[in-house]
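Each chain, written out:
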Amino acid sequence: MNDMLPGMPTKLFVATPTKLLNFADCKRRYRYTYLETPRPPKGPPWAHNTVGAIVHEVLAEFWRRPASRRTGVEAVNLVRSSWRHEGFRDPEQSAVWRERSADMVATYLHNADPYFEPRGVERTVSFSTERASLRGRVDRIDERPARDGSGGTELAIVDYKTGRRPLTSADAKSSLALALYVLGARRVMHRPCTRVELHHLPTNTIAVADHDEESLARHRRRAESIADDAAAAEAEWKQGLTPAEADEAFPPEPSALCGWCDFARICPEGRRVAPPRDPWAALDETDGLPAPEIAEAG
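- An unreviewed UniProt entry lists the protein chain under the name PD-(D/E)XK nuclease family protein, with Kribbella qitaiheensis given as the organism.

See below:
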């Protein structure tokens, strides 16, 4: 619904990849996260998110420091000094994961060139379509020699991952967030960009994919489609909905991942499919059940 004055352009729907994927995954969670006021109570913090957040923060700080202070020892000390205990079962588990995280960071940075300068660290990029303004924060943007032999340079999108599951080039190519970061980096930085990389710290491996214009167009169409649906649902919400109408407009979409939802304890449909997991469970899982990745920041 357009509430602008006649003749004025329609207001763009503003979203990040995380917001779009929240709507695509579960509309009830989207409603609880972005629309309800006050927001329904969330469950306790997740230990795997604590691990991921600290690792991301340390790597960002590493590249922001002058080259003389970009050492593995400083990075390890930073992990330890900035450690937080949210979500862990007990102090012993927290201490174990502090040292594991320090080891992950040290291994990952072992061969890093301290004099390399990324083009962006925690850089916000954005672009607009006819109906949506899409933006997000990229862990790192590198500038590298162009692979076409032209002698020029091109950008590469780097995303750090700390989840248990090893990643593949298919994961990188299928990531909506990474594709939108490519499009945003092109617009903001005015440089060629097609490469996306998932840097998986637990295995110290890199999953690489190169987009072409067709694959980027597919991701853009998917993002626009989700944004259109989310904008329409939000317009309904703003008109005022009864609880029954709200449940119809923002239905739950139960799956095996419901146990990891922040709102699992107040969602009966989700609890019937998967009971709420302990906040530290993703760090101890050995039963083969699906486990979440760290929540994306942008």
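So much for the structure itself; the text now carries on.
## Structural notes on the packing of aromatic side chains
Right, on to step 1. Inspection of every chain in the model, using the stated rule, returns nine aromatic pairs.
Right, on to step 2. Relative to phenylalanine 263, the ring of tyrosine 32 lies with its centre 5.3 Å away and its plane at 65°, an arrangement referred to as edge-to-face. Residue tyrosine 32 is located in helix α2 (residues 27–35), and its partner phenylalanine 263 is located in the loop between α9 (243–249) and α10 (268–273); the two are separated by 231 residues in the primary sequence.
Right, on to step 3. Given a relative accessible area of 11%, tyrosine 32 falls into the buried group.
Right, on to step 4. Take phenylalanine 263: its relative accessible area is 4%, and that puts it in the buried class.

## Quick look at the packing of helix α1 (residues 17–25) against helix α7 (residues 176–189)
Right, on to step 1. With their axes 10 Å apart at the nearest point, α1 and α7 run at an angle of 145° to one another. For the pair α1 and α7, the crossing hand works out as right-handed. Residues Pro17, Leu20 and Leu21 of α1 touch α7, and the partners they reach there are Leu176, Ala177, Leu180 and Tyr181.
Right, on to step 2. Class assignment of the residues belonging to the contact of α1 with α7 gives a composition of seven nonpolar, no polar and no charged.

## Structural notes on unusual backbone geometry
Right, on to step 1. Looking along the chain, the bond that leaves threonine 37 and enters proline 38 is cis, with omega of -5°.
Right, on to step 2. Even without being a glycine, glutamate 122 presents a positive backbone phi close to 50°.
Right, on to step 3. Of note in this structure, histidine 190 is not a glycine but carries a positive phi near 55°.
Right, on to step 4. Turning to its location among the elements, histidine 190 is positioned in the loop between α7 and β5 (193–200).

## Considering the side chain of serine 94
Right, on to step 1. Structurally, the position occupied by serine 94 is in helix α5 (residues 91–109).
Right, on to step 2. Beyond its immediate stretch of four places on either side in the chain, serine 94 contacts Trp83, Arg84, His85 and Phe88.

## A word on the pairing of strand β4 (residues 153–161)
Right, on to step 1. Summarising burial for β4: eight of the nine residues are buried, a large majority.
Right, on to step 2. Bridge analysis of strand β3 (residues 132–145) against β4 gives six bridges, and the strand direction is antiparallel. Looking at β4, one finds that isoleucine 141 is bridged to isoleucine 157.
Right, on to step 3. Examined bridge by bridge, β4 and β5 share seven bridges and lie parallel to one another.

## Re the nonpolar core
Right, on to step 1. Formed by 39 residues in total, the largest nonpolar core has its most connected members in Leu20, Leu134, Ile141, Ile157 and Leu180.
Right, on to step 2. Sort the elements by how many residues they give to this core and α7 lands first, with ten residues.
Right, on to step 3. In terms of nonpolar packing, the next biggest core, distinct from the first, is built from 26 residues, Ile54, Leu78, Val105 and Val158 among them.

## What about the UniProt feature "domain: PD-(D/E)XK endonuclease-like" (unreviewed entry) in the protein chain?
Right, on to step 1. UniProt's entry tags residues 16–268 with the feature "domain: PD-(D/E)XK endonuclease-like" (unreviewed entry), counted in the numbering of this structure.
Right, on to step 2. Here residues 16–268 runs as 47% helix and 18% strand, with 28 Å between its end C-alpha atoms.

## Things to note about the environment of arginine 137
Right, on to step 1. On the secondary structure map, arginine 137 appears in strand β3.
Right, on to step 2. On the basis of relative accessibility, which here comes to 34%, the residue arginine 137 falls in the partly exposed class.
Right, on to step 3. Sequence-wise, arginine 137 and valine 125 are twelve residues apart; in three dimensions their C-alpha atoms are separated by 6.3 Å.
Right, on to step 4. Within the local environment of arginine 137, its side chain forms a polar contact with the side chain of glutamate 122, the two groups lying 2.7 Å apart.

## Regarding the state of the cysteines
Right, on to step 1. This structure, assessed with the given rule, holds zero disulfides.
Right, on to step 2. Considering cysteine sulfurs only, cysteine 267 is the nearest to cysteine 258, which forms no disulfide, with 6.1 Å between them.
Right, on to step 3. By relative accessible area, cysteine 258 is classed as buried at 15%.

Cut-offs used in this document
Residues numbered from 1 in each chain as written. Predicted model: local features only at pLDDT ≥ 70, side-chain atom pairs only at ≥ 80, totals over all residues. Heavy atoms only, no water. Phe/Tyr/Trp six-rings, centres within 6.5 Å; stacked < 30°, edge-to-face > 60°. Helix = DSSP H or I, 4+ residues; strand = E, 2+ residues; numbered from the N terminus. Buried < 20%, exposed > 50% of the residue type's maximum accessible area, 1.4 Å probe, protein only. Axes fitted to C-alpha atoms, helices over the stretch in contact; angles between N-to-C directions. Left-handed = near helix turned anticlockwise from the far one by under 90°. Contact = heavy atoms within 4.5 Å. Nonpolar A, V, L, I, M, F, W, Y, C, P; charged D, E, K, R; others polar. Pairing = 2+ DSSP bridges. Core = buried A, V, L, I, M, F, W, Y, C linked by side-chain atoms within 4.5 Å. UniProt positions renumbered as here; feature names shortened; annotations may be inferred. Polar contact = N/O pair within 3.5 Å; in protein donor to acceptor, adjacent residues only side chain to side chain. Disulfide = S-S within 2.5 Å.

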